[in-house]
Amino acid sequence: MKREAIIYNTATLNLPKNALQFLFGVLLFAMAGGSFNISTAIIAASGLSIGLGAIYLFNDLTDLKEDKNNAMKIRWKAVANGTMSRNESIALIKIFAVTGTALALLSGLNFFLIYLLVIGLNLCYSHPQIRWKNSPTLSVLTISLLQVLKFSSGWFLFTNTLEGFPILFVMAIAIGYALMFLYYKNNTQNLIHLIREDKKRVLPLSLACIIMLVTSFVIYAFPAIALMAIVLGVPTVGLYFLSKNYIGTSVNVVFMYAGLVILLLSFMLLSTPTVTAINQNMMDQNATVRQQIIVGVEQIITGLSGR
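Residues numbered from 1 in each chain as written. Predicted model: local features only at pLDDT ≥ 70, side-chain atom pairs only at ≥ 80, totals over all residues. Heavy atoms only, no water.

Per an unreviewed UniProt entry, the protein chain is named Phosphoribose diphosphate:decaprenyl-phosphate phosphoribosyltransferase, and its organism is Candidatus Methanofastidiosum methylothiophilum. Checking UniProt for the protein chain, the heading Subcellular location (unreviewed entry) contains the comment "Cell membrane". (UniProt positions renumbered as here; feature names shortened; annotations may be inferred.)

Draft legend 1. View of the UniProt feature "transmembrane region" (unreviewed entry) in the protein chain. Per the UniProt record, "transmembrane region" (unreviewed entry) is annotated on residues 103-125, 137-158, 164-184, 205-234 and 254-278. Annotated as 91% helix and 0% strand, the span residues 103-125 places its first and last C-alpha atoms 23 Å apart. As annotated, residues 164-184 has a helix share of 86% and a strand share of 0%, and its two end C-alpha atoms lie 33 Å apart. (Helix = DSSP H or I, 4+ residues; strand = E, 2+ residues; numbered from the N terminus.)

Draft legend 2. Geometry of the packing of aromatic side chains. Applying the stated criterion across every chain yields a total of 15 aromatic pairs. Both rings, one in Tyr125 and one in Phe181, keep their centres 6.4 Å apart while their planes meet at 70°; by these two values the pair is edge-to-face. Within this pair, whereas Tyr125 is found in helix α6 (residues 109-126), its partner Phe181 is found in helix α8 (residues 167-185), the two being separated by 56 residues in sequence. Taken together, the ring pairs in this structure connect Phe24, Phe151, Phe169, Tyr220, Phe222 and Phe267 into an aromatic cluster. (Phe/Tyr/Trp six-rings, centres within 6.5 Å; stacked < 30°, edge-to-face > 60°.)

Draft legend 3. How the structure looks around helix α3 (residues 38-62). Helix length check: α3, at 25 residues, gives a terminal C-alpha distance of 36 Å against a target of 36 Å (1.5 Å per residue), a fit within 8%. You can read the cap of α3 off the contacts: a side-chain oxygen lies 2.9 Å from the backbone nitrogen of Ser39, and it is on Asn37. (Expected span 1.5 Å × (residues − 1). Polar contact = N/O pair within 3.5 Å; in protein donor to acceptor, adjacent residues only side chain to side chain.)

Draft legend 4. The arrangement of the nonpolar core in detail. Counting 44 residues, the largest nonpolar core has Phe22, Phe24, Phe169 and Phe267 as its most contacted members. Ignoring anything within four residues of it in the chain, the contact list for Phe22 reads Ala41, Ala44, Ala45, Leu48, Phe111, Lys150, Ser153, Gly154 and Leu157. If you look at the next biggest cluster of nonpolar residues, it comprises 13 residues, including Ala178, Leu179, Val202 and Met212. (Core = buried A, V, L, I, M, F, W, Y, C linked by side-chain atoms within 4.5 Å. Buried < 20%, exposed > 50% of the residue type's maximum accessible area, 1.4 Å probe, protein only. Contact = heavy atoms within 4.5 Å.)

Draft legend 5. Region of interest: helix α10 (residues 199-219). Between the first and last C-alpha of α10 there are 29 Å, a value that for 21 residues agrees with the 30 Å anticipated at 1.5 Å per step. Among all positions in α10, only Arg201, Val202, Leu205, Cys209, Met212 and Ser216 are buried. Looking straight down α10, one finds its buried side chains confined to an arc of 110°; they lie on one side. Among the exposed residues of α10, those oriented more than 90 degrees off its buried face are Lys200 and Leu207. (Arc of directions from axis to C-beta.)

Printed below as a string of structure tokens:
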């Protein structure tokens with residue numbers, strides 16, 4: 001195995017991403033007033049990331065021929081670019097699978113079940129005899145469900161209740177991730193072209209994502225998060241497209257992590273006094289609007305029944 005393969009491969013590049021997604025669930029749990037054990041969180045995050053490392057390397061083996069002809073992916077596909085042999089990859093898959101599963105099992109039953117679901121769905125997505133990735137519908141549903149599980153895994157590590165869990169918001173960011181994944185799978189060359197060619201998936205998913213985000217803004221106790229995400233996200237997106245024009249698709253991994261950091265940072269800022277005050281003010285306004293809507297609906301129903 002060449003030295004660069006140890007650091008620059010699919011498993012290592014995705015390890016921090018999965019850890020950040022897991023951390024988001026822990027952050028949600030802490031915001032809801034739950035107490036958590038840091039050691040347990042570290043063990044669980046390590047188990048999820050290492051176990052998924054085995055899946056990513058397995059995917060590289062199943063997609064070997066395709067990756068060799070992809071100028072963007074071959075940079076970090078260690079087997080495809082020759083920095084790692086097939087036998088070395090298989091050995092790492094076994095080590096990662098055993099280690100990740102053991103750590104997930106040590107983290108508790110709830111988390112272990114989520115871990116098994118994540119691994120199972122990934123295998124269904126890429127295994128040559130199943131290959132859900134070849135189905136336009138199953139592929140995007142699988143990716144979306146996987147992100148829901150990963151973003152919520154930190155929450156269910158410490159509890160088995162849905163009380164206080166912002167499921168619609170988690171689903172919204174999972175669908176948003178699926179949309180970015182579609183963009184990535186099309187080599188991020190032309191966003192308008194992707195929308196035109198894949199509008200049967202892109203448009204419904206985009207609409208569902210927007211509806212869930214707007215609903216989350218109204219019903220959950222963190223409306224200021226939407227404002228923070230916009231303030232931080234809009235210039236980031238602009239910088240992404242500007243950077244991409246000059247240095248190409250190499251910026252994709254960096255900005256994927258930037259999006260996750262912005263998400264986490266937005267929620268962490270909610271604990272500061274200024275953002276807390278803004279959030280409370282927005283919640284009060286949302287409550288007023290909801291009450292006005294309820295009164296308006298009741299008046300309409302009363303008027304119709306009076307006829």
